[in-house]
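Listed below are the residues making up each chain.
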Amino acid sequence: MKIDKIVHLNVLYDVYENLLTERKKEVYKYYYHEDLSYQEIAEILDISRAGAYDTLKRTRDLLQEMESKLQFVIKYERLIEDLRALKLDAIDEILEKNKIGGNYE
């Protein structure tokens, strides 16, 4: 899995974590945060390797589905972009008002 996809999944996890079951949170954290294999997760949680894989796949699918429906991450990213643009516009306006040599009329 590409780094960009992993980063995106972690952002989704940060936003929607509280909507996941404890088991889904456990498997996700073991795999993505602690870098454990499916087999290692299976042994820790006393489930099959396929169970670990399936739980992680369902978790990823659920995170993406929640974002598709709720779009909190997309809306947050747009808000940040708008705030950055606003800040840049405000800086430009301040610089223009305080231009050395100014507009003498």
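Residues numbered from 1 in each chain as written. Predicted model: local features only at pLDDT ≥ 70, side-chain atom pairs only at ≥ 80, totals over all residues. Heavy atoms only, no water.

Moving on, we get to the overall build of the chain. Looking only at helices and strands, the chain has five helices and zero strands in total. Scanning the chain from its N terminus toward the C terminus, one meets helices and strands in the order α-α-α-α-α. The C-alpha atoms of the chain give 22 Å as radius of gyration, which overshoots the globular expectation for 105 residues (13 Å, by more than 25%). By principal-axis analysis of the C-alpha atoms, the chain measures approximately 80 × 25 × 20 Å. Residue burial in the chain is summarised as follows: out of 105 residues, 24% are buried. At a minimum sequence separation of 6, the contacts of the chain that also span at least 24 residues come to 53%. Of the roughly 8100 Å² that the chain leaves accessible, carbon and sulfur atoms contribute 53%. The distance from the centre of the 17 positive side-chain charges to the centre of the 22 negative ones in the chain is 4 Å. (Helix = DSSP H or I, 4+ residues; strand = E, 2+ residues; numbered from the N terminus. Rg over C-alpha atoms; globule rule 2.2 N^0.38 Å. Buried < 20%, exposed > 50% of the residue type's maximum accessible area, 1.4 Å probe, protein only. Contact = heavy atoms within 4.5 Å. Areas by Shrake-Rupley, 256 points an atom, 1.4 Å probe, with all protein chains shown as cover. Lys, Arg positive; Asp, Glu negative; His and termini not counted. Charge placed at Lys NZ, Arg CZ, Asp CG, Glu CD.)

Let us look at the packing of aromatic side chains. Tallying each qualifying case throughout the model produces six aromatic pairs. Judged by centre distance (4.9 Å) and plane angle (80°), the rings of tyrosine 31 and tyrosine 32 are edge-to-face. For the pair tyrosine 31 and tyrosine 38, a centre-to-centre distance of 5.0 Å together with 15° between the ring planes defines the contact as stacked. Put simply, the rings of Tyr13, Tyr28, Tyr31, Tyr32, Tyr38 and Tyr53 pair up and form one aromatic cluster. (Phe/Tyr/Trp six-rings, centres within 6.5 Å; stacked < 30°, edge-to-face > 60°.)

The end-to-end C-alpha separation of helix α4 (residues 49-70) is 31 Å, in line with the 32 Å expected for 22 residues at 1.5 Å each. Within α4 the residues assigned to the buried category are Ala52, Thr55, Leu56, Thr59, Arg60, Leu63, Met66 and Glu67. Down the axis of α4, the smallest arc covering the buried residues is 135°, so these residues share one side. The outward face of α4, more than 90 degrees from its buried face, is lined by the exposed residues Ser68 and Lys69. (Expected span 1.5 Å × (residues − 1). Arc of directions from axis to C-beta.)

On the surface, Ile3, Val7, Val11, Val15, Leu19, Leu70 and Phe72 cluster together into a nonpolar patch covering about 610 Å² of accessible area. Sorting elements by how many residues they give to the nonpolar patch places helix α1 (residues 3-16) first, with four residues. Within the secondary structure, leucine 70 sits in helix α4. Residue leucine 70 is classed as partly exposed on the basis of its relative accessible area of 33%. (Patch = residues over 30% accessible without salt bridge, like charges linked within 9 Å, V, L, I, M, F, W, Y side chains within 5 Å. Salt bridge = Lys/Arg side-chain N within 4 Å of Asp/Glu carboxyl O.)

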